[in-house]
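Here are the chains, one letter per residue:
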Amino acid sequence: MVGLRFSSVTLTAILLSACAGGSSTAGPAQTAQTAGSAKRCQGLVEGLAVRWPEASTRLTGVVHREAGLEQPQQGPPGMALPRANLPAHCDITGVMQERTGVDGQDYAIRFHLRLPDDWNGRFLMQGGGGTNGELGDAVGRLAGASAPALAQGFAVLAQDSGHDNARNTVPERNGAAAFGFDPQARADYGGDSLEKVALAAKALIGAYYGGQPRYSYFFGCSKGGQEGMALAQQYPDLFDGIVAGAPGFSLPRAAIGEAWNTQAFASVVKADGRQVTLANLGSSFSPADLGLVGQAILAACDAGDGLADGIIGDFRQCTSDKVLPKLAERRCSGAKADGCLSAAQIEALELIHGGARSSDGKQLYAGFPWDAGWGDMGWRIWMLGSPDGGMTAINVAMGAPSLASVFSSPPRALGSDPAASLAYVLGYDFDRGSAALDAVVPPFTRSAWEDNAARSSNLDGFRARGGKLIVPHGVSDPVFSINDTADWWDEVNRRYNGRAADFTRVFPVPGMGHCQGGPATDNFDAFAAITNWVERDSAPASLPAKAGPMAPWPGRERPLCPYPQVARPVKGSVAMNGEPTFECVG
Ligand code: CA
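So, here's what we can say about the structure. Per-chain numbering applies: the sequence of each chain, read as written, is numbered from 1 onward. In keeping with the model being predicted, local features are shown solely for residues with a pLDDT of at least 70 and side-chain atom pairs are shown and tallied solely at 80 or more, while totals for entire chains, interfaces and linings include all residues. Excluding hydrogens and water, the side-chain figures rest on all heavy atoms present in the structure.

1. A look at the overall build of the protein
Piece 1. Within the protein one finds 19 helices and 15 strands.
Piece 2. This radius of gyration counts C-alpha atoms alone. The globule rule is 2.2 Å times how many residues there are, raised to the power 0.38. A compact globule built from 586 residues should have a C-alpha radius of gyration of about 25 Å, and the protein, at 24 Å, falls within 12% of that.
Piece 3. Reported as C-alpha extents along the three principal axes, the dimensions of the protein are approximately 80 × 65 × 45 Å.
Piece 4. Any two residues whose heavy atoms approach within 4.5 Å at even a single point are treated as in contact. Considering only contacts within the protein whose residues lie at least 6 apart along the sequence, 71% involve residues at least 24 apart.
Piece 5. Note that accessible areas follow from Shrake-Rupley with a 1.4 Å probe, and for residues the cover is restricted to the protein chains shown. If you sum the accessible surface of the protein, you get close to 22,100 Å²; carbon and sulfur atoms cover 51% of it.
Piece 6. Note on charges: Lys and Arg go in the positive column, Asp and Glu in the negative column, and His and the chain ends are not counted at all. Taken as the charge centre is NZ of Lys, CZ of Arg, CG of Asp or CD of Glu, depending on the residue. Side chains of the protein carry 48 positive and 58 negative charges; the gap between the two charge centres is 2 Å. In this text, helices come from DSSP runs of H or I with a minimum length of four residues, and strands from runs of E with a minimum of two, each type numbered from the N-terminal end.

Take a look at the structure:
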């Protein structure tokens, strides 16, 4: 259990830090206004008339908070987020649909809403992460933005999606994924809770400010990106603008992909004649081995975009025809040794690139494109765990319990031993497993795919209401493949006769891992882009992006281009910093 918990924390830290914004510039609130707001905030408790769309809704906490530095975050040590200056606001928590599930667990949907005294007339819902179950801070941290949404004057909503990790974690039923044993909890996680909490928040905003928001937005990545997609497809009237980063919109199939990739790495351990353990999985590629992999991919594809700069500008051009010969050049002539790759290692990489398949060759989940971020630390932690085995691969620690509990019917209890999770993944049968994903087994009335997927190309409602959708996605994302996202956009584009870009744009981020990190220009303000698109009809021709301090080239700037366009250097151009200027072409 220690391994599981450790990696879950790591995942949460990764997902949360992806949303960390800078500090706010909020000034001191005016005393008289604050006093009036404090009274109005308290008035909610005393019976301000709220017409709850869901009759079971009740408030569990209302407190007015003065402007100032936010309180330190609750949570495990080492994952504290930067504290932001927050404006004076009414801090509200509520709950609805309190009930006992078929698994005997007590469930409810909890939400958290912060209403600033100095409201800008706008509403933001922030997305969740991983298996959810956390209430969320409702501060609206926005990757790449100068201040959290609350500090910008937005009313901000967060929710736990219908289960509570503090209450509903059951070690013997796959830990925090135990909610997958209850049909309603599974459905709420998959998307049913989204409309319920959004409508509750809008009702509360209406009662509190005396009017509805002029503009409503959603911002999330990973599971939060799946939620953004579910909203655009299934509840198109709720939001004007949605940022759905690295969308887990094929979550059940991506979980099959995680099992596939783990089996690929396990084959390397077996080829060495070793037993497959969590620790040995982490050592199937040493850091130096992964360095060779990155070198081979760059040697094959870096210059193809017009500039050898460590960035593969067009992942679609980086084919196996180009990469495999470069990997072969680095293959050991004899036994595995330092400085070369074994045949089994290269075969494992090809399996990951090809993606999960059934025994008859049917693609079950997209493969992962060759890219410069393969082998980066974030990529490695998802795929392999730490080199010393001290940190379990997230694909096993979170992927296996989720696959067994939430994405398969009937759900299966793996017990609380992380080794059991590994055994489940190693024994996973891709034919039977994919059937369990589509099966409808009582007490479930929908399949795991129906509950959790949000991959439809039907955006009729969202498009008709003028909605706008931005989808940033790391090309080196190790869990949700950008190939799946690009294929989806192509389907949307076909459905709307080549006009998908009028309302939905995917921005691949070369080198970036899951929501952030990697050898990438991973600092960009997608939220500013969506508000400009919605409110000023200014469609993003590109997203300006900058490399962070951990990148090989801190401070480097590049435009992110809307797929299928790619950034190419303008011939003969030299900017002030000595680099060429770039344009989006294609
Ligand atoms: Ca390049």
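Moving on, there is more to tell.
2. Comments concerning the packing of aromatic side chains
Piece 1. Any two of the Phe, Tyr and Trp rings considered here, Trp counted by its six-membered ring, make a pair once their centres fall within 6.5 Å; the pair's planes then place it as stacked at under 30 degrees, edge-to-face at over 60, or tilted in between. Under the defined criterion, the tally for this structure stands at 21 aromatic pairs.
Piece 2. With a centroid separation of 5.8 Å and an interplanar angle of 25°, the aromatic rings of phenylalanine 123 and phenylalanine 239 are classed as stacked. Note that phenylalanine 123 is positioned in strand 6 (residues 122-126) and phenylalanine 239 in the loop between helix 5 (223-234) and strand 9 (241-245), a separation of 116 residues in sequence. In this pair, the class of phenylalanine 123 matches that of phenylalanine 239, namely buried.
Piece 3. Aromatic side chains phenylalanine 179 and tyrosine 189 sit 4.9 Å apart centroid to centroid with 55° between the ring planes, which places their arrangement in the tilted category. Residue burial is assigned from relative accessible area. The probe radius is 1.4 Å, only protein chains are included, and a residue is buried under 20% of its type maximum, exposed over 50%, and partly exposed in between.

3. Details of the state of the cysteines
Piece 1. When two cysteine sulfur atoms are found within 2.5 Å, that pair is recorded as a disulfide. Tallying each qualifying case throughout the model produces five disulfides.
Piece 2. Covalently, cysteine 332 is tied to cysteine 340 through a disulfide, its sulfur atoms 2.0 Å apart. Between cysteine 332 and cysteine 340 the disulfide shows an S-S torsion of about 100°. By sign, it is right-handed.
Piece 3. According to the relative accessible area criterion, cysteine 340 is buried, its value standing at 13%.
Piece 4. Sequence-ordered numbering of the bonded cysteines in the protein yields a pairing of 1-2, 3-8, 4-5, 6-7, 9-10.

4. Re the side chain of arginine 330
Piece 1. Position of arginine 330 among the secondary structure elements: in the loop between helix 9 (320-329) and helix 10 (343-354).
Piece 2. Setting aside residues no more than four positions away along its own chain, arginine 330 makes contact with Leu292, Gln295, Ala296, Ala299, Cys340 and Leu341.

5. Structural notes on the sheet that holds strand 7 (residues 155-159)
Piece 1. Only strands that DSSP links by at least two bridges are regarded as paired with each other. Spatial ordering of the open sheet is given by 1-4-5-7-6-8-9-10-11, a layout of nine strands whose pairing is mixed. Two strands bound the open sheet, and with one partner strand each, they are strand 1 (58-65) and strand 11 (504-509). For this sheet, the mean inter-axis angle between neighbouring strands, taken without regard to orientation, is 15°.
Piece 2. One ladder, built from three bridges, connects strand 9 with strand 10 (residues 468-474); its direction is parallel. Considered in strand 10, the bridge of glycine 241 is made with lysine 468.
Piece 3. With axes taken as lines fitted to C-alpha atoms, and helix axes fitted only over the stretch in contact, angles between N-to-C directions fall between 0 and 180 degrees. Running at roughly 140° to strand 8 (residues 215-221), helix 5 makes contact with strand 8, strand 9 and strand 10 of the sheet.
Piece 4. Its contacts with the sheet put helix 18 (residues 482-495) on strand 10 and strand 11, and the angle it makes with strand 11 is roughly 155°.

6. Section: helix 5
Piece 1. Each helix should span, by expectation, one fewer than its residue count multiplied by 1.5 Å. With 12 residues, helix 5 should reach 16 Å at 1.5 Å per residue; the first-to-last C-alpha distance of 16 Å fits that figure.
Piece 2. In terms of burial, helix 5 is a largely internal element, 11 of the 12 residues being buried.
Piece 3. Three or more residues of helix 5 are buried, namely Lys223, Gly224, Gly225, Gln226, Glu227, Gly228, Met229, Ala230, Leu231, Ala232 and Gln233.

7. Comments concerning the coordination of the calcium ion
Angles between donor atoms at a metal ideally measure 109.5 degrees for a four-coordinate tetrahedral arrangement and either 90 or 180 degrees for a six-coordinate octahedral one.
Piece 1. At the metal site, the calcium ion is ligated by Asp302 (O), Asp302 (OD), Asp305 (OD), Asp305 (OD), Leu307 (O), Asp309 (OD) and Ile311 (O), and these contacts range over 2.2 to 2.6 Å.
Piece 2. Donor atoms: N, O and S within 2.8 Å of the metal, or within 3.2 Å for Na, K and Ca. Because water is excluded, sites can look incomplete. Binding-site remark: the calcium ion is held by donors from one chain whose sequence spacing is D-x2-D-x1-L-x1-D-x1-I.
Piece 3. Among the residues examined, aspartate 302 registers a relative accessible area of 8% and is labelled buried.
Piece 4. By relative accessible area, leucine 307 is classed as partly exposed at 24%.

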